[in-house]
Amino acid sequence: MKQERILVTGGTGYIGSHTVVELQQAGYPVTIIDNLSNSNADVIDGIERITGIRPDFVEGDCTDIDTLRRLFETYPDIKGIINFAASKAVGESMHKPILYYRNNLNTLLNLLDLMGPAGVKGIVFSSSCTVYGEPDENPVTENAPIKKATSPYGNTKQISEEIITDVINAGAPFKSVILRYFNPVGAHSSAEIGELPNGVPQNLIPYLTQTAIGIRKELSVFGNDYNTPDGSCIRDYINVVDLAKAHVIAVERMLEDRSDAKIEIFNLGTGNGVSVLELIHTFEEATGVKVPHKIVGRRAGDIEKVWADPAYANEVLGWKAETPLADTMRSAWAWQCRLRERGIM
Ligand code: UD1
């Protein structure tokens, strides 16, 4: 077991839980803080079943600075933070902007405020390809221009990146790695953890797997009149375990001072653009399960096409998204079937 403890905020959530598994498997002691607003404490059991180690868990809200202060006192060995604690539904953020700004920004400010005095060496921040808006060209590199955010959710990601930059440029005694995710999908190969959306899913894969298992009647494909080969939107779907592994590398890079830069930004994607219709086809081929679907009108605010140029992350982090999309689709399906077995969905 390593000496440096990693604090994972939002560690019972979708990407957080997969990252906790990878951290533990790399030998790091982990403390999770999560307010369970969009996840369940059972996730801790799933993590323990995979790794044989139960991460320490604090039920609490990172927007409350006193809770965080106590946490840093309890765990003086925290040397790295991976911050997943945030609200993430684009549509909801349009109706509840204050909630989004408060949760996402206060959490970050509190962490940045306390981590220096607590002796933490670095923070990994979950950002999103949403900062590029509709990119002028694909694949998108880290140097592509930032476009005006189209939702409060997207704006919190942009503002958060600026806050981190300002704080570090002002001489803060720690580093940051900002990771811009493309579209994270799939589940752990054990099917012990995965994505568990609340209510009707807004994202493609949970809607697709819920349709495949019969919870939803049919999947709506939002538009087939885009300027793409088959007319449906193109995204870069990245396996969540591949994504989680990049976080371990990123946090280690700061702990071991492997870079002179105090802030680094990486795109995390596969480099492959896949359309909605291609994705449905890949799922059907990989699982042998049909997905009833129909073409409907475009969804307001959707980007036509965006996929990553992951070359910088590949070179500098020595990381690559390796899981074939078909395997990722099988993992998403296995997870959906496990939820059914457990009577959850
Ligand atoms: C959105 C956000 C992104 C955020 C991500 C995860 C934007 C521009 N992007 O990504 O910042 O990180 O959610 O919360 O706001 N689709 C269907 N039918 C469905 C659902 C989706 O056809 O029922 C299509 C969409 O039109 C899109 C693709 O599937 O082309 C992926 O959609 P989704 O999973 O919602 O992710 P994004 O919109 O790409």
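Residues numbered from 1 in each chain as written. Predicted model: local features only at pLDDT ≥ 70, side-chain atom pairs only at ≥ 80, totals over all residues. Heavy atoms only, no water.

Novice: Would you explain the overall build of the chain in this entry?
Specialist: Helix and strand counts for the chain come out as 11 helices and 13 strands. Relative to a compact globule of 345 residues, whose C-alpha radius of gyration would be 20 Å, the chain shows 19 Å and is just as compact. Across its three principal axes, the chain shows a C-alpha extent of roughly 55 × 45 × 40 Å. With 345 residues in all, the chain has 54% of them scored as buried. Considering only residue pairs separated by 6 or more positions, the chain has 80% of its internal contacts joining residues 24 or more positions apart. Taken as a whole, the chain presents about 14700 Å² of accessible surface, with 48% of it coming from carbon and sulfur. (Helix = DSSP H or I, 4+ residues; strand = E, 2+ residues; numbered from the N terminus. Rg over C-alpha atoms; globule rule 2.2 N^0.38 Å. Buried < 20%, exposed > 50% of the residue type's maximum accessible area, 1.4 Å probe, protein only. Contact = heavy atoms within 4.5 Å. Areas by Shrake-Rupley, 256 points an atom, 1.4 Å probe, with all protein chains shown as cover.)

Novice: Help me out: how do you make sense of the site of the ligand in this one?
Specialist: The full set close to the ligand counts 20 residues, and Leu204, Ser220, Arg235, Arg299 and Asp302 are the nearest of them. When the ligand is considered free in solution it has 750 Å² of accessible area, and contact with the protein chains removes 89% of it. Among the elements that line the shell around the ligand, the one with the most residues is strand 8 (residues 219–222), at 4 residues. Split into classes, the residues belonging to the shell around the ligand amount to 10 nonpolar, 6 polar and 4 charged. (Near = heavy atom within 4 Å. Nonpolar A, V, L, I, M, F, W, Y, C, P; charged D, E, K, R; others polar.)

Novice: How do you make sense of the environment of glutamate 218 when you look at a structure like this?
Specialist: Mapped onto the elements, glutamate 218 comes out in the loop between helix 7 (204–212) and strand 8. Glutamate 218 sits 10 residues away from leucine 208 along the chain, and the two C-alpha atoms are 8.3 Å apart. When sequence neighbours within four positions are dropped, the list of residues in contact with glutamate 218 reads Tyr207, Thr211, Pro292, His293 and Lys294. In this structure the side chain of glutamate 218 is engaged in a polar contact, spanning 3.2 Å, whose partner is the side chain of lysine 294. (Polar contact = N/O pair within 3.5 Å; in protein donor to acceptor, adjacent residues only side chain to side chain.)

Novice: Help me understand unusual backbone geometry, please; the structure alone is not making it clear to me.
Specialist: The phi angle of most residues is negative, glycine excepted, and most peptide bonds adopt the trans form. In this chain, asparagine 138 is followed by proline 139 through a cis amide linkage whose omega measures -5°. Considering the arrangement of structural elements, one finds proline 139 in the loop between strand 5 (122–128) and helix 6 (152–169). The backbone of alanine 191 sits at a positive phi, close to 60°, despite the residue not being glycine. By the secondary structure assignment, alanine 191 is in the loop between strand 7 (183–185) and helix 7. At aspartate 257, a residue that is not glycine, the phi angle is positive and equals roughly 50°. The residue aspartate 257 is located in the loop between helix 8 (240–255) and strand 11 (263–268) in this model.

Novice: How do you make sense of the layout of surface pockets when you look at a structure like this?
Specialist: Rolled over the atoms, a probe with the dimensions of a water molecule shows which regions are left empty. A volume near 160 Å³ is recorded for the second largest pocket. Every residue lining the second largest pocket is listed: Tyr237, Ile238, Asn239, Thr270, Asn272, Val274, Ala321, Glu322, Thr323, Pro324, Leu325 and Thr328. Counting residues per element, the ones that place at least two in the lining of the second largest pocket are strand 10 (237–239) and helix 11 (325–341). Considering each element in turn, the lining of the second largest pocket owes the most residues, 3 residues, to strand 10. (1 Å grid on protein atoms, 1.4 Å probe; cavity = no way out; pocket = protein on both sides within 12 Å on 5 of 7 lines; lining within 4 Å. Points joined across faces, edges and corners; volume = space filled by probe spheres on them.)

Novice: When you look at the pattern of salt bridges in this model, what are you seeing that I'm missing?
Specialist: Pairs can form between side chains of opposite charge once their charged atoms are near each other. By the definition in use, this model includes 25 salt bridges. We note a salt bridge from arginine 180 to glutamate 161, for which the minimum N-O separation is 2.6 Å. Linking arginine 180 in strand 6 (residues 175–181) with glutamate 161 in helix 6, this pair joins segments that are 19 residues apart in sequence. A relative accessible area of 3% places arginine 180 in the buried class. Ionic pairing is found between aspartate 302 and arginine 235, a salt bridge with its closest N-O pair at 3.7 Å. With a gap of 67 residues between them, aspartate 302 in the loop between strand 13 (293–296) and helix 10 (311–317) and arginine 235 in strand 9 (residues 234–235) connect regions that are remote in the sequence. Both residues of the pair, aspartate 302 and arginine 235, count as buried. Counted as one network, the salt bridges with shared partners bring together Arg49, Glu192, Arg338, Glu341 and Arg342. (Salt bridge = Lys/Arg side-chain N within 4 Å of Asp/Glu carboxyl O.)

Novice: Would you take a moment to explain empty space enclosed by the protein for this structure?
Specialist: Scanning the entire structure with this criterion turns up 2 cavities of 30 Å³ or more. For the lining of the largest cavity, the secondary structure elements donating two or more residues are helix 7 and helix 11. Along the lines of polarity and charge, the residues of the lining of the largest cavity split into 9 nonpolar, 4 polar and 1 charged. Its boundaries defined by the atoms lining it, the second largest cavity holds a volume of some 30 Å³. If you trace the second largest cavity, you find it lined by Lys175, Ser176, Val177, Arg253, Met254, Ser259, Ala261, Lys262 and Glu264. Mapped onto the lining of the second largest cavity, the elements with two or more residues apiece are strand 6 and helix 8. No other element matches the 3 residues that strand 6 contributes to the lining of the second largest cavity.

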